Amino acid sequence: MTEPYTDRPSAQKTKNSGTGEDSVSPQVLIRNVLVYGEGAPTDVLLGDEQILALGTDLEASPDAEVIDGAGRILLPGFVDLHTHLREPGREDTETIDTGSAAAALGGYTAVFAMANTDPVADSVVVTDHVWRRGQEVGLVDVHPVGAVTVGLAGTQLAEMGTMAAGVGRVRMFSDDGHCVHDPLIMRRALEYSSSLGVLIAQHAEEPRLTAGAVAHEGPTAARLGLAGWPRAAEESIVARDALLARDAGARVHICHASTAGTVELVRWAKAQGIPITAEVTPHHLLLDDSRLETYDGVNRVNPPLRERSDVEALRRGLAEGVLDCVATDHAPHAEQDKCCEFSQARPGMLGLETALSIVVETMVRPGLLDWRGVAKVMSERPAQIVGLDDQGRPLEVGEPANVVLVDPDAEWTVRGPELASVAHNTPYEAMTLPGKVVATVLRGRITALDGAVRPGTGSGVR
Ligand SMILES: NC(=O)N[C@@H](CC(=O)O)C(=O)O
Ligand SMILES: [Zn+2]
Ligand SMILES: [Zn+2]
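Because the structure is predicted, anything quoted here is derived from the model rather than measured.

J.: Any chance you could explain the overall build of the protein chain here in plain terms?
T.: When its secondary structure is counted, the protein chain shows 12 helices and 21 strands. In terms of overall dimensions, the protein chain is globule-like: its C-alpha atoms have a radius of gyration of 21 Å, near the 23 Å expected for 462 residues. If you line up the protein chain on its principal axes, its C-alpha atoms span 65 × 45 × 45 Å. Sorting the 462 residues of the protein chain into buried and exposed places 61% on the buried side. Of the contacts made within the protein chain by residues no fewer than 6 positions apart, 74% connect residues no fewer than 24 positions apart. Looking at the protein chain as shown, the accessible area adds up to about 16800 Å², and 49% of this sits on carbon and sulfur atoms. Charge separation in the protein chain, taken as the distance between the mean sites of 40 positive and 65 negative side-chain charges, equals 3 Å.

So this is what it looks like as structure tokens:
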């Protein structure tokens, strides 16, 4: 477990194909930037994989790439605990390549790729492939999530230890898309996870309460004639798993919290000292079930869009730190699987490239979070939750050069086909949103700048 990645590349050194020689990528100098959006404008020099200097009128090497940071904000690179990249199996909707591009453009330096691929990531063969392919692309660290149970079937524990010991060093396990609903299996998974020092992330959905459900159970679904998904389907599992975690002395992480009741249950559990953490998605922070009036399948998602009162409670819960972090649940789907009858549409929506803007819209603009708070919920807390020691670090000399440069004043209009993902299922189509990622830097190397990725600079690991 404590072994380092055996083939982690030295990202500052990129292979010169053919020559076999390593070349060092140039320094990056960001001028006059507001670090965490605070204080006076500062120069930040990045190189040799680290933050080399912070100060005024810094000098860089002659070949350094200089980026104007005036009016812009520097934050630690974002970490997404919940991404679906669809490789292997559904490369017609997303690949590790295209998903990595979306992540870099969204300001992410690390993402966790969920296990519900085809084949399922329930073996070290698949999890190591995902890690290696992510390093080969080189735009973002793609950490594989391992399945808790074989085939996500919920009956037999997967070989978590083998996946944790692999090159991909799996540190988070989830059957996401499915709930580990059998309490005895969940209990064993938690016990096993604490001895391995890994995290179980639960998709909280009591399946007996959601059979056939496609929308939040409430007045809107009733009026539209859509089968309802009650809040209790989520909350009963959150409560149960908090108690199982307490008894196992294990940590548990709640995926995509969607109800006011979940916020209160997590608040209660934390007050008891139970080691529980929770994430909220951008879409649950912004959208509610009034979106369903059009019967547009793009709005179908699990858990479903809830009511305005839930949206408000989720925002408050995130501001108060009851909900720990924002995770995208980026879920690409093919057009034929979304542009169909609502109840037939696959659940899920894109999220990587729009996450920051939704957080600005729902949390920063209303004064619920400042930019320090954004760093916390999009970078620091997720890195801590999953135990990444090279992400979510303070912006200080000697720390890893994993950063994102944000323009807080820029606005942009979302166009699905212009996003980097293969699939286009964004619920924000044609919406004008605030806040834009200007640059993303992974271990001192620019991965995205002014809306374009820098491809072809991967480590070449095979
Ligand atoms: N969120 C979704 O609606 N869908 C996810 C699975 C999941 O996160 O439960 C997917 O894989 O498409
Ligand atoms: Zn889920
Ligand atoms: Zn998911």
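J.: How should I be thinking about the pattern of salt bridges in this particular structure?
T.: Pairing between side chains becomes possible if they bear opposite charge and their charged atoms approach one another. Counted according to the given criterion, the structure contains 24 salt bridges. A salt bridge links Asp-310 to Arg-231; its shortest N-O distance comes to 2.9 Å. Of this pair, Asp-310 sits in helix α9 (residues 308-320) while Arg-231 sits in helix α6 (residues 231-248), and the two are 79 residues apart along the sequence. Residue class for Arg-231 comes out partly exposed when judged on its relative accessible area of 27%.

J.: Could you clarify how one ought to interpret the sheet that holds strand β8 (residues 78-83) in this entry?
T.: Remark on secondary structure: sheet strands pair via backbone hydrogen bonds, oriented parallel or antiparallel. As summarised here, the arrangement of the three strands in space is β8-β9-β10, forming an open sheet in which the pairing is parallel. If you trace the sheet from one side to the other, it starts and ends with β8 and β10 (141-144), each paired once. Averaged over all adjacent pairs, the angle separating strand axes in this sheet is 20°, with direction ignored. Two elements, strand β9 (residues 108-113) and β10, share four bridges in a ladder whose sense is parallel. Looking at the pairing, Ala-113 lines up with Pro-144 of β10.

J.: Can you walk me through the packing of helix α4 (residues 183-196) against α6 in this structure?
T.: Packed helices, taken two at a time, are described by the angle their axes make and the gap between the axes. Between α4 and α6, the shortest axis-to-axis distance is 9 Å and the interhelical angle comes to 45°. When the axes of α4 and α6 are compared, the pair comes out oblique. Along this stretch, α4 crosses α6, giving a crossing that reads as right-handed. Counted together, Pro-183, Met-186, Arg-187, Leu-190, Glu-191 and Ser-194 of α4 and Arg-240, Asp-241, Leu-244, Ala-245 and Ala-248 of α6 form the full contact between these two elements.

J.: What should I look at first to understand the pairing of strand β4 (residues 42-47) in this one?
T.: For a regular strand, side-chain orientation follows a simple rule: the groups alternate between the two sheet faces. Here β4 lies mainly inside the structure; six of its six residues are buried. Residues Thr-42, Val-44 and Leu-46 line one face of β4 and the alternating positions Asp-43, Leu-45 and Gly-47 line the opposite face, and both faces are buried. Pairing of strand β3 (residues 28-35) with β4 involves four bridges; the strand directions are antiparallel. When the bridges of β4 are listed, Val-28 appears paired with Leu-46. If you look at the hairpin formed by β3 and β4, you'll find six residues sitting between the two strands, and Tyr-36 has a positive phi there, around 60°. Direction of pairing for β4 relative to strand β5 (residues 50-55): antiparallel, over a ladder of five bridges. Across the sheet, the residue bridging to Leu-45 is Ala-53, located in β5.

J.: Would you mind going over the coordination of the zinc ion (ligand 2) with me for this structure?
T.: The reference angle at a metal is 109.5 degrees if four donors form a tetrahedron and 90 or 180 degrees if six donors form an octahedron. Coordination sphere of the zinc ion (ligand 2), protein contribution only: Asp-176 (OD), His-203 (ND1) and His-256 (NE2), at 2.0 to 2.1 Å. Taken in chain order, the donor set of the zinc ion (ligand 2) reads D-x26-H-x52-H.

J.: Help me understand the sheet that holds strand β11 (residues 172-173), please; the structure alone is not making it clear to me.
T.: With parallel pairing, the five strands of this open sheet are ordered in space as β11-β12-β15-β16-β17. The sheet terminates laterally at β11 and β17 (325-326), the two strands that pair on one side only. Bridge count for strand β12 (residues 199-202) against strand β15 (residues 252-254) is three bridges, and the pairing is parallel. Bridging from a neighbouring strand, Ile-200 pairs with Val-252 of β15. Against the sheet, α4 engages β12 and β15, with an angle of about 150° to β12.

J.: Mind showing me how you'd approach the site of ligand 1 here?
T.: In the neighbourhood of ligand 1, 15 residues make up the surrounding shell, with Arg-86, Asn-116, Asp-176, Asn-302 and Asp-329 lying closest. Here an oxygen atom of ligand 1 sits 2.9 Å away from a polar atom, N or O, in the side chain of His-203. Here a nitrogen atom of ligand 1 and a side-chain polar atom of Asp-329 are 2.7 Å apart. Computed on the free molecule, ligand 1 has an accessible area of 310 Å², of which 96% lies beneath the protein chains in the complex.

J.: Looking at this model, I keep getting lost on the coordination of the zinc ion (ligand 3). Mind explaining?
T.: For the zinc ion (ligand 3), the full set of protein donor atoms is His-82 (NE2), His-84 (NE2), Asp-176 (OD) and Asp-329 (OD), at a range of 2.0 to 2.2 Å. The distance between the zinc ion (ligand 3) and the zinc ion (ligand 2) comes to 3.7 Å, and Asp-176 binds to both of them. Looking at His-84, the relative accessible area reads 4%, which means it is buried.

J.: Looking at this structure, I do not really get the UniProt feature "binding site: Zn(2+) 2" (unreviewed entry) in the protein chain. What am I missing?
T.: Sites flagged by UniProt as "binding site: Zn(2+) 2" (unreviewed entry) map to Asp-176, His-203 and His-256. Spanning 81 residues, the annotated positions come together in the fold, the maximum distance between their C-alpha atoms being 10.0 Å. Among the structural elements, Asp-176 can be located in the loop between β11 and α4. Not counting the four nearest positions on each side in its chain, Asp-176 is found in contact with His-82, His-84, Met-114, Asn-116, Leu-152, His-203, Cys-255, His-256 and Asp-329. Side-chain polar atoms of Asp-176 contact the side chain of His-82, separated by 2.8 Å. Along the chain, His-256 turns up in the loop between β15 and α7 (260-271). The exposure class of His-256 is buried, given its relative accessible area of 2%. Dropping the residues within four chain positions of it, His-256 is found in contact with His-82, Asp-176, His-203, Glu-234, Glu-279, Thr-281, Asn-302, Pro-303 and Asp-329.

J.: What exactly am I supposed to notice about helix α2 (residues 124-137) here?
T.: Between its first and last C-alpha, α2 extends 20 Å over 14 residues, near the 20 Å set by a 1.5 Å rise per residue. Buried residues of α2: Val-126, Thr-127, Asp-128, Val-130, Trp-131, Gly-134, Gln-135, Glu-136 and Val-137, and no others. Backbone geometry just after α2 places Gly-138 at a positive phi near 80°.

J.: So what exactly am I meant to see when it comes to the UniProt feature "binding site: Zn(2+) 1" (unreviewed entry) in the protein chain here?
T.: Under the UniProt annotation, the feature "binding site: Zn(2+) 1" (unreviewed entry) is placed at His-82, His-84, Asp-176 and Asp-329. Taken together, the annotated residues stretch across 248 residues yet fold into one region, lying no more than 9.8 Å apart by C-alpha. Mapped onto the fold, His-82 is located in strand β8. The buried category is assigned to His-82, whose relative accessible area is 0%. Excluding anything up to four places from it in sequence, His-82 contacts Phe-112, Met-114, Asp-176, Cys-255, His-256, Glu-279, Ala-327, Thr-328, Asp-329 and His-330.

Here is what the cut-offs are and how they apply
Residues numbered from 1 in each chain as written. Chains lettered and ligands numbered in written order. Predicted model: local features only at pLDDT ≥ 70, side-chain atom pairs only at ≥ 80, totals over all residues. Heavy atoms only, no water. Helix = DSSP H or I, 4+ residues; strand = E, 2+ residues; numbered from the N terminus. Rg over C-alpha atoms; globule rule 2.2 N^0.38 Å. Buried < 20%, exposed > 50% of the residue type's maximum accessible area, 1.4 Å probe, protein only. Contact = heavy atoms within 4.5 Å. Areas by Shrake-Rupley, 256 points an atom, 1.4 Å probe, with all protein chains shown as cover. Lys, Arg positive; Asp, Glu negative; His and termini not counted. Charge placed at Lys NZ, Arg CZ, Asp CG, Glu CD. Salt bridge = Lys/Arg side-chain N within 4 Å of Asp/Glu carboxyl O. Pairing = 2+ DSSP bridges. Axes fitted to C-alpha atoms, helices over the stretch in contact; angles between N-to-C directions. Parallel < 35°, antiparallel > 145°, perpendicular 65-115°, else oblique. Left-handed = near helix turned anticlockwise from the far one by under 90°. Donors = N, O, S within 2.8 Å, 3.2 Å for Na, K, Ca; no water. Near = heavy atom within 4 Å. Polar contact = N/O pair within 3.5 Å; in protein donor to acceptor, adjacent residues only side chain to side chain. UniProt positions renumbered as here; feature names shortened; annotations may be inferred. Expected span 1.5 Å × (residues − 1).

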